[in-house]
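Commentary on secondary and tertiary structure
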Amino acid sequence: MNENHQVLFRKYRPQFFKDVIYQDLAVGSLQNAFKTKKIGHAYIFIGPRGVGKTTIARILAKRLNCENPDGVEPCNKCLSCTEITKGNSNDVMEIDAASNSGVDNIRDLRENVKFNAMGGKYRVYILDEVHMLSSAAFNALLKTLEEPPPHVVFILATTEYHKIPETILSRCQDFHFRKVPVAVLQQYVETLCVKENFKFDSEGLFWIAKKGDGSVRDTLSFMEQAVVFTDGNLTGVKLRKMIGYHGIDTFIELLEDILDPARSAKIFEKLETFFQEGMDLIKFTWDFLEFLNSLLLIKDNLADRESLNIPVEDLQKLKLQFRELDREVLILLAENLFLIHEKMNQMKLRSSYEVKVYLEIQFRKLILEREKPSVSGLLAKLADLTKQIQSDIGNLPEGGEKETETRKPLIPEAKRPSPQIPTNINKPTSASAALDEKLLPSPQETPKAASPTPEAETKPKTSADPNEMEKLLKEKFAGMEVDPGQFKNL
Ligand SMILES: [Zn+2]
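Keep in mind it's a predicted model, so treat the numbers as computed, not measured.

1. Let's talk about the pairing of strand E1 (residues 42–46)
Among the 5 residues in E1, 5 count as buried, and that is most of the element. Residue alternation in E1 divides its side chains into two sets, Ala42, Ile44 and Ile46 and Tyr43 and Phe45, and both sets are buried. Relative to strand E4 (residues 152–158), E1 is paired through 5 bridges, and the arrangement is parallel. Counterpart to Ile46 in the pairing with E4 is Thr158. When E1 meets strand E5 (residues 173–176), the two strands line up parallel, connected through 4 bridges. The partner of Tyr43 across the bridge, within E5, is Gln173.

Spelled out as structure tokens, the structure:
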């Protein structure tokens, strides 16, 4: 497999500027240097690993020494070009600064640069991981950069720009390399699949590109392994199995299980199944969390973001399916899962069984959490109530509010018979209370009079007729005059 890995990566390593993917900015500037014949003596290539810094440095070295250049490109056929491709040119020195970081290494280099190029025109020094040099080594290098021999070109490459001394940077032309977006990598992998006669589907390509994490080199390394694992059948189903990802449908189902109280049992059935299948439940928790985060990005219309962990085909599906889902519920859920995931890592649980038990407990807590109303849900209810109250106030007759207010505290007391009630009501103070006396029911009628109580509570809210409400209120007060013992049946 390791041998295979070398094959793909080497086979497709760009040999021309035009074959480099995505780094148009850096490549364009270098090509311009050849067009205008302004070749610098020191370049610094800055950018993440595996995006083509060394590859471009080699193409540059080839073009500098090529016997038959084709415009801005090297010929890749002459002796100089083929030697550089094979890595045995005497004029191109690749030095790994990580393992040659001392001042003595740079002193040797300074002795070496004095010699003229043997075959070509330039002696090219490619210093990889140059930020690893010691400060003494940087100082020694600086002396060479200050007065470089005319036949020498330095190409420094680094992933950590901030570790390079300012004095060095000011002597170099800088070129910035970027991570390659998933969509670009996906397209690139597809062209390779066609060339290599691999079977594939769109989701399969997505996972290969995703695993490359912006690096062409890592993408091809992973693709190499995937070809072996899937026997050249790079489909989403096989790739998911390879990387231990359950696929978006599992997460959709789990989310629905969590949201729907009737489906809670399914959460635990799923955890058990995953455990039996030997799945890494901590990774699963993280994947689910990423899924929820992606869902939030989709809801916020940020779905085209590179970080999204969802194949493009599934975006629309998710958008539709969870259109109605409250953002706040999602945020709370994601936040809880993040804490659960962090806690699991901290706790260093000893076995997958412990992880499962812990997750089961946490999911039970999540279910309890779900029962609590959300803040936005409460706000919506509050808004409804406010509307209701406003319409009630609009519907109430003059003085009606006051009447209901005096009535309200009496109802619960009436339900809990108390000797004070009849005494209080026997002392009418308002005109309406005086009216009550005329409408007093006979003792036989009291059960009837008591029965409208629940109606009296609701009717004034919906009724716009002042007369009707007054009547109801009177009935209400009338009921209070009877022996409290009679309310026991209410
Ligand atoms: Zn050539």
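After that view, the rundown keeps rolling.
2. Things to note about the nonpolar core
Most often, soluble globular proteins keep nonpolar side chains buried together rather than apart. Within the largest apolar cluster, 64 residues are counted, with the highest numbers of intra-cluster contacts made by Phe45, Val124, Ile155 and Ile208. Judged by nonpolar contacts, the second largest core, of 21 residues, contains Leu255, Leu271, Ile310 and Leu359.

3. Remarks on unusual backbone geometry
Within the chain, Tyr22 stands out as a residue other than glycine whose phi angle is a positive 75°. Note that Tyr22 resides in the loop between helix H1 (2–11) and helix H2 (24–35). The backbone phi angle of Asp213 is positive, close to 50°, even though this residue is not glycine. Looking at where Asp213 falls in the secondary structure, it is placed in the loop between helix H9 (202–212) and helix H10 (216–230).

4. Let's talk about the packing of helix H14 (residues 281–299) against helix H16 (residues 327–347)
Where H14 contacts H16, the two axes come as close as 9 Å, and the packing angle between them is 155°. As far as their axial angle goes, H16 and H14 are roughly antiparallel. Considering only the axes of H14 and H16, their crossing is left-handed. In this structure, H14 contributes Ile282, Thr285, Trp286, Phe288, Leu289, Leu292, Asn293, Leu295, Leu296 and Lys299 to the contact, and H16 contributes Arg327, Leu330, Ile331, Leu333, Ala334, Leu337, Phe338, Ile340, His341 and Met344. In terms of residue class, the contact of H14 with H16 is made up of 15 nonpolar, 3 polar and 2 charged.

Calculation notes
Residues numbered from 1 in each chain as written. Predicted model: local features only at pLDDT ≥ 70, side-chain atom pairs only at ≥ 80, totals over all residues. Buried ≥ 20, exposed ≤ 12 C-beta atoms within 10 Å, placed from the backbone. Helix = DSSP H or I, 4+ residues; strand = E, 2+ residues; numbered from the N terminus. Pairing = 2+ DSSP bridges. Core = buried A, V, L, I, M, F, W, Y, C linked by C-beta atoms within 7 Å. Axes fitted to C-alpha atoms, helices over the stretch in contact; angles between N-to-C directions. Parallel < 35°, antiparallel > 145°, perpendicular 65-115°, else oblique. Left-handed = near helix turned anticlockwise from the far one by under 90°. Contact = placed C-beta atoms within 7 Å. Nonpolar A, V, L, I, M, F, W, Y, C, P; charged D, E, K, R; others polar.

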